[in-house]
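Chain and residue survey
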Number of protein chains: 2
Amino acid sequence: MGADHRSADISRVWEDLAGDGGRIIYLVLDGAGGLRDAATGATALEHAWTPHLDELARASSCGLLELVGPGITPGSGPGHLALFGYAPLAYPLGRGVLAALGIDFPLHEGDVAARINFATMDDHGNITDRRAGRIDDDLNQRLCDRLRDHVQLDFDGEYFLQTVAGHRAMLVLRGDGLGGDVGDTDPQATGVPPREPTAGSPADERTADLVASFARQARDILADETPANAVLLRGIARHSPLPTLAERFGLRALCVASYPMYRGLARLLGMDVAARPAGPYEAFDSLEEHFGEDHDFYFLHVKDTDRYGEDADFAAKVTAIETVDRLLPRLRALEPDVLVVTADHSTPAAMGAHSWHPVPVLIHGRYARADDIAPFDEYRCRGGGLGLRPGVHLMGLVLANAGRLRKFGA
Amino acid sequence: MGADHRSADISRVWEDLAGDGGRIIYLVLDGAGGLRDAATGATALEHAWTPHLDELARASSCGLLELVGPGITPGSGPGHLALFGYAPLAYPLGRGVLAALGIDFPLHEGDVAARINFATMDDHGNITDRRAGRIDDDLNQRLCDRLRDHVQLDFDGEYFLQTVAGHRAMLVLRGDGLGGDVGDTDPQATGVPPREPTAGSPADERTADLVASFARQARDILADETPANAVLLRGIARHSPLPTLAERFGLRALCVASYPMYRGLARLLGMDVAARPAGPYEAFDSLEEHFGEDHDFYFLHVKDTDRYGEDADFAAKVTAIETVDRLLPRLRALEPDVLVVTADHSTPAAMGAHSWHPVPVLIHGRYARADDIAPFDEYRCRGGGLGLRPGVHLMGLVLANAGRLRKFGA
C-alpha cells in the first residue's frame, strides 16, 4: 500500500478533516520489531509469552508499518515522527535539536544545536574511546564549567554549553543566519582523528567554522584531562519549530517517557510531558493518573525493547516485552476509544542495531475491522487487514477509528 | 505498496499508453464493504448467500481497495472518481455540481451550483427540521415557482432555481468571476440557526453575498409556508469540466444508474447515461440492451447496498447483496473481456454511515491472475493477488486486463 514516501501529503488532508472525537493511546515499544534468533528460531515478539497482547491483537486490526521508506533504517526521531503523522522526509530533525529539547533547553527558532560526546584522544590525535570511558555526571559538569570559562567563539551571537549526562553534553549556537547542515566531527570509529566539520552549502560555512573552533579550543583546554581530553560533535541541526499535533489534528497530547530524546520530540510536537517515570511500571502509573479530560492523545514510550536489542541481548529483549504484556491490561482498563501498539523501528538483537524491517502494528477500537490474528508479531501481522504500509499512514487510520475525521467530499 | 494519493500520477502514464481493446463492465455495489455484525459475527458480504459472486471471485484476481487514502471516509463522488482512475485529491468535486449534472441541468464552466434543502425554522430562527418533514415533489415545485417569482439577486448575471425531488432543490449562479469556495448554510444540526455562508478567499466573497441574499429573501418569501419556511444551502461549488474517460483512456463509456448523483458524475466524465432504471432488475435489463459496439466501458451502479448500510439495516443490506448475486450470471453471459465487482466505499450497518475501511475488489478476465479466493468479502480478498492498494490503481489494472495499455518503454 501506500503513499509516496517523500511527499506523503495525505496528512494534509487529515488536517482539513480533523475534529473532536475519542481518546487515543499509543503504546510504542521502541525497537520491538526484529529478526528470528538463531537459537530459538523466533523473533523476540514470537518468543515472548504475551497472552494479553495476543488477546488484544485478535480483537484488533493488524498489519505492518514501514516507518520511513523501503530499506531505510529510521533513527528514533524519524520513526516516531512517522507514527505521529509527520512524514519524516518532509520534517527533517537534527538529533542535536532533539537532545536540547530533551533537557528542557529553551531553543529559539534558528538556534543550531549539536550533541557533544566527551572522548579520549591519544598523542597522535586519534580517538581511542568515543565516550571517554563513560565518565560520570560530576566530571561532565566540571568539564563543561571549564570549557564555558575558556572557549571564546568569534561571532555576533552567543553559545550555550549544557551538560546532559554521563559522557554527553550539548552545544547551542545562537546568532543570525547560522545554517544547520554541518557534518559530524565524530568519526564513528576509533584509531582515527575527529573529522573536520563540513558545510553542506555556503550558508552553513559560518556554523562549520564555529564548530571547528569549538572543537579545537576544547582540545587545548582539556589537554591535561584524563580520560576526557577531547569532544566530538554530532547531530548538528538548526531548530525550526514544527506545527503541533493540536494545530494539525486538534489533539491535546500527553507524553509519558523516561528518555530525553522522546520527551524532547514530544515537546517539539506540542505535547504536554509528564514527570519522568523511573521505569515501565511507573510509566503505566503515570498514564493512569493523567488519563482523563485534559488530553485526547497519550503517547507511552517503552525504551527497554530497543535498549536490549541494541545490546544484542535477545533474552533481555524478550523479558522487556513480557514486562509490558503484564502491564497491558491496565491500559485496556482505561477504555480508550482507540489503543495502538507498535514500534518506531526494528532493533533485531541479531544485528545489535536499528534496522529497516517493518514493525507490527495493531489498532484496537470499536470500529476497527478485527482480524482474528494472533500472536502479535512480525509474521502473523503481515496477514492483517491493515496490510504493509508506510508508517505515516497510521495517524490517519487512528484518527478515523477515533471518530475524529469527517467524510471527504460528498 | 503504492502511490501518493494526491499526485497519483501513474494515471497519466495510462493516458499515454491507452489504446483500443476489450469491453469492460464495472459492477459497483455502493457502500458494500462493512464491519462484522455483532449478532451474526459476519459482514454483510460474508453473511449473504452469494454462490455466483463466490464462483466469480474464485476465477478472478482479488484484493482490497483503499479508495481515497488511509483513514479517509470517501463521499460517493470521490469514491467513484477513484474507481474511474481520477485521483480524488487531484479532482475535487462539489456536491452541488454533481446534483446539477444529475438532473440534466446544462452547467457551463464557471457556474456555481449549490444544493438546497427546504427546511423548517421556528420563531426564534432556529432550524427544527433540516428536511421540512420531507415534503413531496408537488409542494417542492410550488415553492420553487414562488421563489423564482420573487427572489432578486443583485449581480451582473443570472440564477437558476431547479426542483430536484422531495425536500431537495438546487441553485445555479451564472456570472463572471464567481468563486466557489463558500461554506454551507446548513448547520447539520437542529435547534440552531442556519450558518452565514463564509467565503474561503476574497474571490469567493461575491458568491457568499449572493448565497446569503438568496437565503434571506427565501426566508421572507416563505414566512407563511408550513412546514417549509426556510432553505439551507450546501455543497456550494464552481463547475470546472474534467477531462473525459474518452480523452484520458480512449473509453466510450455508458452509465446505468438510477440515482442523480451517480448519473451526474458519469456525465461529468463524458459517459453516455442510459434512461433511469426503476431498480436493480431494470438496471440489468438496460445494460443487456445497451451492451454492444457503441461502448467499451459499462458502469452499472447498485444503490441499495449503501442505502441499507446508512439505515443501519444489516438484514436488508444482506438481501440487497443477494439480489445482485442472482442477477450476476446475466453480466457474465454478456462475455465482457473484463468484469469488475467492487464498491466505492464501505457503509457498515454497525455505523450507519460511510467509512474508511477498504473494500473488496475482483477483476475477472482472460488474463487476470486468478486467486482461487472465495467467498467474495472483506476478509478473504485481503489474501488476493491484487493486495491492498489505493482505489485509483484499479483503472490501470482493468485497462491492462482489457488489452488496452501498450507496453511501457522498449
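Residues numbered from 1 in each chain as written. Chains lettered and ligands numbered in written order. Predicted model: local features only at pLDDT ≥ 70, side-chain atom pairs only at ≥ 80, totals over all residues.

Some points on the domain arrangement of chain A
Residue and element names in this part refer to chain A. Heads up, the rule is: How far each domain reaches was decided by an automatic or database domain assignment. Contacts are defined on C-beta atoms placed from the backbone: any two residues whose C-beta positions lie within 7 Å are in contact. Classification convention: Asp, Glu, Lys, Arg as charged; Ala, Val, Leu, Ile, Met, Phe, Trp, Tyr, Cys, Pro as nonpolar; all other residues, Gly among them, as polar.
Parsing chain A into structural domains produces domain 1 (10-91 + 244-401) and domain 2 (99-238). Centre-to-centre, using C-alpha coordinates, domain 1 lies 33 Å away from domain 2. On the domain 2 side, the residues contacting the 6 residues of domain 1 number 5 residues. Here the side of domain 1 that touches domain 2 is built from residues that sort into 3 nonpolar, 1 polar and 2 charged.

With respect to unusual backbone geometry
Which entries qualify depends on this criterion: Comment: elements are numbered from the N terminus, with helices defined as DSSP H or I runs of at least four residues and strands as E runs of at least two.
Put simply, Thr 226 of chain A and Pro 227 of chain A share a cis peptide bond, and its omega is 0°. Tracing the chain through its elements places Pro 227 of chain A in the loop between α7 (205-221) and β7 (230-238). Ala 374 of chain B connects to Pro 375 of chain B through a cis peptide bond whose omega is -5°. Phi is positive for Arg 134 of chain A, close to 50°, though the residue is something other than glycine.

A short note on the environment of Gly 383 of chain B
In this structure, Gly 383 of chain B sits in the loop between β12 (359-365) and β13 (387-390). Spatially, the C-alpha atoms of Gly 383 of chain B and Thr 73 of chain B are 23 Å apart, while their sequence positions differ by 310 residues.

A closer look at helix α13 (residues 393-401) of chain B
Residues and elements named next belong to chain B. To keep it simple, the criterion reads: Buried, partly exposed and exposed are defined by the number of other C-beta atoms within 10 Å of a residue's own C-beta, namely 20 or more, between the two limits, and 12 or fewer respectively, with C-beta atoms placed from the backbone.
With 7 of 9 residues buried, α13 is to be regarded as a mostly interior element. Within α13 the residues assigned to the buried category are His 393, Leu 394, Met 395, Leu 397, Val 398, Leu 399 and Asn 401. Once α13 ends, the next one or two residues include Gly 403, with phi positive near 70°.

Section: helix α10 (residues 280-290) of chain A
All names here are of chain A. Put simply, the rule reads: Taken from the helix axis, the directions to the C-beta atoms give the arc we talk about.
Looking at α10, one finds that the buried residues are Pro 280, Ala 283, Phe 284, Ser 286 and Leu 287. Buried residues in α10, looked at end-on, bunch into an arc of 160°, giving them a common side. In this fold, the buried residues of α10 make contact with β8 (253-256), β10 (297-302), α11 (304-310) and α12 (314-333).

Things to note about the confidence of the model for chain A
Residues and elements named next belong to chain A. Note the cut-off: On a range of 0 to 100, pLDDT expresses the predictor's confidence in each residue.
For chain A, the average pLDDT comes to 94, and 98% of its residues sit at 70 or higher. Note that pLDDT drops below 50 for residues 1-8; the model gives that stretch 36 contacts with residues more than four away or on any other chain. Scoring the predicted complex yields pTM 0.86 and, for the interface, ipTM 0.85.

Structural notes on the environment of Leu 67 of chain B
All names here are of chain B. Topologically, Leu 67 is positioned in the loop between β2 (61-66) and α4 (76-83). On the basis of neighbour counts, which here come to 31 C-beta atoms within 10 Å, the residue Leu 67 falls in the buried class. Remark: the alpha-carbon pair of Leu 67 and Asp 176, spanning 109 residues in sequence, is separated by 35 Å.

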